[in-house]
Each structure stands twice: as C-alpha cells, then as structure tokens.
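Single-letter residue listing:
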Amino acid sequence: MTVARPGGRGGGWGGLVALLVAALPTASLVAQASPPGQRIDTIVIHNANVFDESWDGPAFLGRLANALHVTTRASVIRRTLLLDAGDPYDSARVAESERALRALNVFRSVRTDTARLGPRLALRVTTADGWSTKPQAGFSTAAGDETWQLGLVEENFLGLATTLTAAYSRTPDRDVLEFQYLAPHFGFRRAALLLEYSDRSDGRRGGWRYGVPFYQTAARWALWLSGEAANERVLVFRDGRADTARAPSGGFARRALRFGLSGGVALRATSRDYLRLWGTLVWRREDFDPTSVRARSVFAEAGVGVELGHSRFRVLEHFNSYARREDVDLSQVLRVGVWAAPRAWGYPAERAGLGPELAGQFTAVWPRGFAALRGQASGVLTASGLDSARVRASLTVADQNLPRQTWVLFLEGGVARGPKPGGEFDPWMEQRGPRLFGAHAFTGTRLLWGTVENRILLADNVWGLVGVGLAPFLDYGGAWYADQRPRLGGNVGLSLRLGPTRSVRAEAGEIAVGVRFGRGWGDGPWAVAVRKGFVF
C-alpha cells in the first residue's frame with residue numbers, strides 16, 4: 001500500500017488522512033458522489049498480489065506465484081492516473097483513470113472509491129495484479145493447418161508495466177522469431193515506446209513508435225514518431241493456395257523503409273467530448289517485385305483532417321473474458337481527412353493525386369446490451385480517376401439480458417480496389433472468418449462474413465485459476481476476388497471456452513467442433529479448431 005503526496009493545502013493533515021483512510025476496511029470505502037470542484041486531499045494506492053490474502057486458489061501455487069511475482073509499483077499507478085492530489089474531483093476523470101489502468105494490461109482488477117474524514121476527501125485506488133510471466137507453449141489448429149509457438153512473455157517487467165517478449169512460432173507460411181519491448185512511461189509521464197523486431201525464415205522486419213498519444217478525452221495535444229524497416233517476402237493467395245499467377249514463387253519480395261511524424265491539437269476537449277485537428281507526414285521507400293527487389297522508389301505523403309468524438313464506455317463482465325471487468329468503447333466518433341500524394345514527392349504521374357479518408361463509429365445502448373456500427377473508407381483519386389480504394393464496415397450487437405448468457409451478432413463486409421501485395425482481405429490472418437476453415441481458405445478483394453454466438457457461463461473461477469463456458473456458434477462468409485463468383489463457406493458447432501482468471505490478459509481460447517458447408521473445404525465436413533476466441 002502506498003500513499004500519494006497530499007495536495008498543496010493541508011500539509012501533514014493530508015498524510016494523517018491517508019493513514020486513517022488506509023486503515024479503514026475496504027468495504028467501508030463505498031463509491032460516493034462528491035461535490036463538483038471539491039479538491040482531492042490525498043490519493044491512497046493499494047495493490048494486491050496475484051493471489052490475495054483469502055487464498056482463493058490452490059494454496060501452494062498461490063504462495064509460489066506471489067513469491068515470484070514483482071507487484072506493480074505504486075509510481076506506475078500514480079503516473080497513469082488522470083488526477084493528482086490537489087485536483088478538483090471529477091467523476092468522469094476517475095472513470096477514465098480506471099480505464100487507463102486496465103489498459104496497462106497488468107491488473108486483473110481495478111477499483112476506485114472515495115472516503116471522507118471530516119471535510120477532507122481521499123481517493124482510494126485498489127488494484128490486483130495478474131500473473132505476467134508467461135512461458136509460451138501455444139498450439140492452434142483448424143482444418144489441419146497448425147500453428148505452434150514457444151517463448152517467454154513478461155508483461156510487467158520489474159513491476160513497471162513494461163512488456164518484454166521473445167517468442168518463436170511456426171505457421172503454415174513461415175517460421176518467425178519475434179522480440180518486442182513496450183514501455184508505457186518512457187522518459188516522460190505519458191510517453192510510450194514500442195520496439196519490435198521479427199526474424200523470419202523468409203525475411204526480416206522491425207518497427208518502432210514513440211510519443212505521447214491523446215491519452216485521455218480531455219488531452220490537448222498529441223505527438224509521436226513511428227517507423228519501419230523491412231526486407232521480407234509478402235505471400236499472396238487465391239482459392240486457398242499460393243497465387244502463382246501473380247507471383248511465380250507465390251509471393252513478392254518487399255524492401256521498405258518508412259519514417260512518420262504524426263500529431264494533433266484539440267480545439268475543444270472535455271471529459272465528455274472533443275474536436276481535434278490531426279496531421280501526418282510520411283517519408284518512405286517501398287518496392288515489391290515477384291522475384292527480387294531491384295528498384296529504389298522513394299515517396300512522401302501528408303495527411304490532415306478533423307476528428308469529432310463523444311466519449312461513452314460500458315463496463316461488462318463475461319464478454320470476452322472471465323472474472324474481470326472489461327471496457328467496451330461505445331463512443332460516437334467521426335474522422336474526416338485528406339491525403340496528398342503529389343508527383344513532386346516521388347509518385348508517378350498516373351498514381352499521384354489526393355486521397356480522401358473517412359472513418360466513424362456510431363452506437364446505441366440499452367440495459368445490458370449495445371449495438372455498434374463501425375466503418376472506414378479511403379482511396380486515391382488521380383487525374384484519370386480512382387486509382388485505389390478500400391471500404392470496410394462492421395456491425396456488432398451484444399446482449400446480456402438472459403442470465404449467464406452473452407449473445408453476440410457480428411457482421412462485416414469490405415471491398416478493396418488495387419491493394420498492394422499482402423493488402424488483400426484474409427480473415428485467417430486476422431483471427432476472423434469461419435473458424436473451422438484452414439489457413440488462407442478465403443482471400444481476395446471482396447469480404448463478407450458474419451457470426452452468431454451464444455456464450456454461456458458455466459463457472460467464473462474454477463480453482464481460482466480459470467473460467468469455463470460453452471458457446472454454440474454459426475459462422476458464414478468468406479473472401480474472393482472481383483473476377484470470381486463469391487467464395488463463401490460456413491460452419492455450425494459448439495465450442496468449449498476456457499479463459500485464465502489470474503493472467504494479465506484473459507481473452508478466452510476455445511476448442512471448437514462442428515460441421516462445415518459451402519466452398520473452401522475439401523477433407524470432409526467435420527472439423528476441429530483449437531484457437532483464440534473471437535474478440536468483439
């Protein structure tokens with residue numbers, strides 16, 4: 001337990017308030033309405049280990065996990081909060097602070113409440129760590145296509161909410177050795193750093209990103225740098241097989257180097273809504289060739305636009321995981337922009353032009369349910385017309401009004417024109433699409449698929465370690481090219497859903513059994529898939 005420094009007024013009284021608040025039983029610190037504008041005298045932080053004192057899991061395992069785990073440092077929690085001692089109390093910023101803490105992906109539980117001692121107000125933040133050191137021994141399969149993974153992931157290195165990853169995976173396409181470093185507070189309080197590198201059996205790729213995003217609804221500005229360096233092979237598929245008609249070897253050699261500078265300013269920013277101006281400048285060289293890279297193409301492009309948003313979140317349980325609260329973003333958002341790709345910046349005359357961009361999310365909510373319509377569209381207009389374009393939209397409907405059940409309906413469609421190699425729709429690569437079909441069963445420039453799933457809760461926390469559920473499902477859809485008739489398939493079946501309850505990330509995995517129908521399969525209708533569950 002840690003006590004934040006008291007506000008500028010009150011001095012030693014603030015420390016006394018904090019000690020008295022910390023001594024109160026947690027049950028007495030119920031959430032209460034605080035008068036707007038009243039200042040927070042003290043912030044009290046209490047962070048529990050992976051297993052709490054009630055030993056609600058296997059005793060030996062609990063003691064061992066707690067002894068090996070380094071709990072999240074109170075300084076990390078304080079730096080993530082959007083309020084400090086001495087600030088006026090704001091219920092919207094308190095709720096957003098909870099979301100920011102959960103977004104660190106190091107806690108299995110986050111709660112905030114207030115307590116009073118006389119006229120003084122204390123904010124108490126109670127968290128519980130999840131198990132963050134995870135040996136990777138993953139396996140997934142669908143229609144005979146297997147993916148293996150071995151490695152180690154530490155998602156809370158030294159209690160700093162920093163992620164270190166070293167993993168080896170073998171997919172039907174390639175072998176990959178991956179490394180990643182992610183620090184949410186690198187150098188400055190709100191600045192995040194991401195470094196990633198992958199050494200593949202057919203190439204190498206690295207990426208980076210550093211800067212301050214719009215970390216809260218009321219943030220006034222954002223600025224970040226990003227980049228990529230790659231020398232790799234981009235595979236292309238058609239009808240479930242390598243597309244040797246487009247590339248004799250089944251793929252394109254790609255060499256790329258990219259630097260980007262992005263940022264924005266808020267013309268209006270409150271805890272509820274915002275109006276932001278954004279801008280991006282990109283310099284890149286990117287070449288594709290069916291055999292080997294010979295050219296050296298250099299481009300630059302710039303984009304500007306506006307984004308209007310009204311913040312709205314729902315906190316759900318038993319949606320994508322077990323034994324924890326989940327934040328579902330149901331904000332109303334509209335983003336409009338335009339990109340310039342002039343000939344003077346390296347684009348050939350037939351490809352130079354302007355690129356409009358449009359994206360949005362529109363939602364409706366009701367008691368224990370919601371609907372969210374999301375969409376995005378972009379393209380490049382040249383002197384001779386439309387050069388390339390991409391449109392994609394989805395609808396998610398979820399309802400939890402029946403006891404211990406979550407009904408989910410998801411529909412998605414998309415159209416792409418002139419995508420670069422690897423930019424085609426491939427639901428398998430995105431962990432989407434009919435779940436009992438193999439790797440690249442559906443690829444193309446047209447996408448249409450949907451699923452209906454009833455997630456039934458059997459047990460929320462078996463042995464204090466795992467949540468268990470069942471999910472009858474129906475998937476149907478696929479992807480195809482413009483010169484093909486629609487290539488669609490479906491499956492109906494039942495999945496056993498298992499989700500860790502002590503891990504920092506608790507998305508459920510599933511063992512799905514069912515019958516396939518339509519196009520895109522060939523080895524009998526029955527199939528089994530061991531995979532991650534859909535995340536909506």
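Residues numbered from 1 in each chain as written. Predicted model: local features only at pLDDT ≥ 70, side-chain atom pairs only at ≥ 80, totals over all residues. Heavy atoms only, no water.

A. Region of the structure containing the overall build of the protein chain. Within the protein chain, the secondary structure is distributed over 4 helices and 28 strands. Per-residue burial for the protein chain yields a buried fraction of 46% across its 536 residues. Within the protein chain, counting contacts between residues at least 6 apart in sequence, those at least 24 apart form 58% of the total. For the protein chain, the computed accessible surface area is about 25,300 Å², with 62% contributed by carbon and sulfur atoms. (Helix = DSSP H or I, 4+ residues; strand = E, 2+ residues; numbered from the N terminus. Buried < 20%, exposed > 50% of the residue type's maximum accessible area, 1.4 Å probe, protein only. Contact = heavy atoms within 4.5 Å. Areas by Shrake-Rupley, 256 points an atom, 1.4 Å probe, with all protein chains shown as cover.)

B. Structural view of unusual backbone geometry. Phi is positive for N105, which is not a glycine, with a value near 60°. In this structure, N105 sits in the loop between α4 (91-103) and β3 (107-117). With a relative accessible area of 24%, N105 lands in the partly exposed category. If you check the backbone angles, H318 has positive phi at about 60° while not being a glycine. Take H318: it is sitting in the loop between β17 (313-317) and β18 (325-329).

C. Helix α2 (residues 59-68), seen in detail. Those residues of α2 lying buried are G62, A65 and N66. The arc that holds the buried residues of α2, viewed along the axis, is 95°, so those residues lie on one side. In this structure, α2 carries F60, A67 and L68 as exposed residues pointing more than 90 degrees from its buried face. (Arc of directions from axis to C-beta.)

D. Spotlight on α4. Counted at 1.5 Å a residue, the expected span for α4 with its 13 residues is 18 Å, and the 18 Å between its end C-alpha atoms agrees. All of the buried residues along α4 are A92, V94, E96, S97, E98, R99, A100, L101 and R102. For α4, the secondary structure elements touched by its buried residues are α3 (74-80), β3, β4 (120-129), β17 and β18. Its side-chain oxygen placed 2.9 Å from the backbone nitrogen of A92, D90 serves as the N-cap of α4. Looking one or two places after α4, you find N105, whose phi comes out positive at around 60°. (Expected span 1.5 Å × (residues − 1). Polar contact = N/O pair within 3.5 Å; in protein donor to acceptor, adjacent residues only side chain to side chain.)

E. The arrangement of the pairing of strand β19 (residues 332-341) in detail. Pairing of strand β16 (residues 298-310) with β19, which is carried by 9 bridges, proceeds in the antiparallel orientation. Looking at the pairing, V306 lines up with V336 of β19. (Pairing = 2+ DSSP bridges.)

F. Region of interest: the confidence of the model for the protein chain. Overall, the predicted model of the protein chain reaches an average pLDDT of 87, with 89% of residues at or above 70. The least confident element of the protein chain is helix α1 (residues 12-23), whose mean pLDDT is 46; the most confident is strand β23 (residues 405-417), at 97. Low pLDDT (under 50) marks residues 3-33, which in the prediction has 54 contacts with non-local residues, meaning those over four places away or in another chain. (pLDDT = per-residue confidence, 0-100.)

G. Summary view of empty space enclosed by the protein. With the rule as written, the count across this model stands at 2 cavities of 30 Å³ or more. H318, F319, S321, Y322, R455, I456, L457, G469, L470 and R497 together form the lining of the largest cavity. When residues in the lining of the largest cavity are grouped by element, the largest group, 3 residues, is from strand β24 (residues 446-462). Of the residues belonging to the lining of the largest cavity, the class tally is 5 nonpolar, 3 polar and 2 charged. In this structure, the second largest cavity encloses a volume near 30 Å³. In terms of lining, the second largest cavity is formed by L316, R368, G369, F370, A398, D399 and Q400. Where the lining of the second largest cavity is concerned, the elements lending two or more residues are β21 (369-382) and β22 (385-399). When the residues that make up the lining of the second largest cavity are grouped by side-chain class, the tally is 3 nonpolar, 2 polar and 2 charged. (1 Å grid on protein atoms, 1.4 Å probe; cavity = no way out; pocket = protein on both sides within 12 Å on 5 of 7 lines; lining within 4 Å. Points joined across faces, edges and corners; volume = space filled by probe spheres on them. Nonpolar A, V, L, I, M, F, W, Y, C, P; charged D, E, K, R; others polar.)

H. Broad picture of the packing of aromatic side chains. Counted by the stated rule, this structure contains 13 aromatic pairs. Between W208 and F259 the ring centres are 5.7 Å apart and the planes differ by 55°, which places this aromatic pair in the tilted class. Residue W208 is found in strand β10 (residues 203-212), and its partner F259 is found in strand β14 (residues 251-269); the two are separated by 51 residues along the sequence. Judged by relative accessible area, W208 falls into the partly exposed class, the value being 30%. We classify F259 as partly exposed; its relative accessible area is 41%. Their ring planes at 55° and their centres at 5.1 Å tell us that F437 and F442 sit as a pair that is tilted. Here the aromatic residues F410, W449, F534 and F536 are joined through ring pairs into a cluster of three or more. For R516, the ring lying beneath its charged end belongs to F437, and the centroid distance is 5.7 Å. (Phe/Tyr/Trp six-rings, centres within 6.5 Å; stacked < 30°, edge-to-face > 60°. Lys NZ or Arg CZ within 6 Å of the ring centre and 35° of its normal.)

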